[in-house]
Amino acid sequence: MKVLVVGGAGYIGSHMVKLLGQQGCDVTVFDNLSFGHADAVLFGDLIVGDLADTEALEQLFETRIFDVVMHFASSILVGESVADPAKYYRNNFANTQNLLDVMVKHDVKHFIFSSTAAIFGEPQYTPIDEQHPKQPINPYGRSKWMVEQMLEDYDRAYGLKSICLRYFNACGADPDGELGERHDPETHLIPLVLQVATGQRRDITVFGQDYDTQDGTCIRDYIHVSDLSMAHWLAIQELFRYNQSKRFNLGNGQGFSVQQVIDICKDVTQKNIPVIYGARREGDPDVLVADARLAQNELGWQPKYPALQSIIEHAWQWEKKVHGK
Ligand code: UFG
């Protein structure tokens, strides 16, 4: 199978490329390396290019044949999306349209899209299933929801079949220790806490202690990046088997509080992790947990690393390798 992985040098994309390589796929990565890393592409060809560059896209599709396109490249910072929405509508929406248009032109009709729990907005019930109302509360979530809606229209009009996967909190690292999270700036909870353990940072600030949860800190559904990759692989099979557009929520269906994450990090690393209890971060809901039963039932997906302990162990193995402790 010939697979184009857009954003394949990034955190989740690079884990996907490794899995595709192991499955014997012919992989092409298209990435502008603005946040990705060339050395994270363990299989296939890396073509450095930008989705805004329609000529480069045209050339890519003229010179290579693809059975399926996977799209991981996007801007992901919620706060930044509020301050600079233009960047998010351009990178996440307009650039995705460039990609879809070149696919339609070259008759490539299978697409896997990295969506997000942020499309749901403030949870109206928990856990969140696929039917939950979509009322994103920031431009990041809106830009992803707009793509999902565009995909429905492209299916109806051009027969482009897609599977949208709504990630909850992607985390962890390749269990073999070859890949992991290398964001700059890093904003995600687990790598930040582990960087305190390696001495890269002095302390971790907990954003709010007055949420409507047992210990007062926010609850999230943390899902291992290798389990996410496996869900994508199963989604490709599903797309070829039924040729129907579908959407799935991906999480473990279990929530952990920020305090619990920090406690498990202390346990795994056996390091002192100084904690500062700070103010709430704007736009954080109390609880975000996925109902991922549809993915389990239809894709036959079963997370291999649902325990937060193993997620953090893998992330710690990576963090030690990168920051040498
Ligand atoms: N947190 C802290 N201190 C920090 C960083 C995070 O207390 O220094 C807290 C946050 O307030 C939140 C939890 O840790 O309660 C997890 O925060 P992350 O920033 O790691 O992840 P988010 O839940 O904010 O966001 C993730 C993705 C987004 C996506 C969202 C969808 O990073 O791209 O899930 O639910 F939109």
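Look a little higher up for the structure.
Residues numbered from 1 in each chain as written. Predicted model: local features only at pLDDT ≥ 70, side-chain atom pairs only at ≥ 80, totals over all residues. Heavy atoms only, no water.

S.K.: Please clarify how the pattern of salt bridges should be interpreted in this entry.
M.R.: Counting across every chain of the model gives 20 salt bridges. One salt bridge in this structure joins E58 and K105, with 3.2 Å as the shortest N-O distance. With E58 in helix 2 (residues 54–63) and K105 in helix 4 (residues 85–105), this residue pair connects regions lying 47 residues apart in the sequence. The salt bridge partner of D155 is K161, with a shortest N-O separation of 2.7 Å. (Salt bridge = Lys/Arg side-chain N within 4 Å of Asp/Glu carboxyl O. Helix = DSSP H or I, 4+ residues; strand = E, 2+ residues; numbered from the N terminus.)

S.K.: What am I meant to see in the site of the ligand here?
M.R.: Taken together, 21 residues lie around the ligand, and N169, H188, T205, R281 and D284 are the ones closest in. In the environment of the ligand, an oxygen atom lies 3.5 Å from a nitrogen or oxygen atom belonging to the side chain of Y140. In the model, an oxygen atom of the ligand is placed 2.8 Å from a nitrogen or oxygen of the N169 side chain. Against a free-state accessible area of 680 Å², the protein chains account for coverage of 90% of the ligand. Counting residues per element, the ones that place at least two in the shell around the ligand are helix 6 (189–197) and strand 8 (204–207). (Near = heavy atom within 4 Å. Polar contact = N/O pair within 3.5 Å; in protein donor to acceptor, adjacent residues only side chain to side chain. Areas by Shrake-Rupley, 256 points an atom, 1.4 Å probe, with all protein chains shown as cover.)

S.K.: In this structure, what is going on with helix 4? I would like to understand it.
M.R.: Helical periodicity: at 3.6 residues per turn, an α-helix aligns residues three or four positions apart in one direction. Here helix 4 is 21 residues long and its end C-alpha atoms lie 29 Å apart, about the 30 Å a rise of 1.5 Å per residue gives. At N91, helix 4 shows its strongest bend, of approximately 25 degrees. Of the positions making up helix 4, those classed as buried are Y88, N92, F93, N95, T96, L99, L100, V102 and M103. Taken together, the buried residues of helix 4 touch strand 1 (2–6), helix 2, strand 4 (68–71), helix 3 (78–83), strand 5 (110–116) and helix 5 (139–158). Backbone geometry just after helix 4 places D107 at a positive phi near 60 degrees. (Expected span 1.5 Å × (residues − 1). Bend = angle between axes of the 7 residues up to and from the residue. Buried < 20%, exposed > 50% of the residue type's maximum accessible area, 1.4 Å probe, protein only. Contact = heavy atoms within 4.5 Å.)

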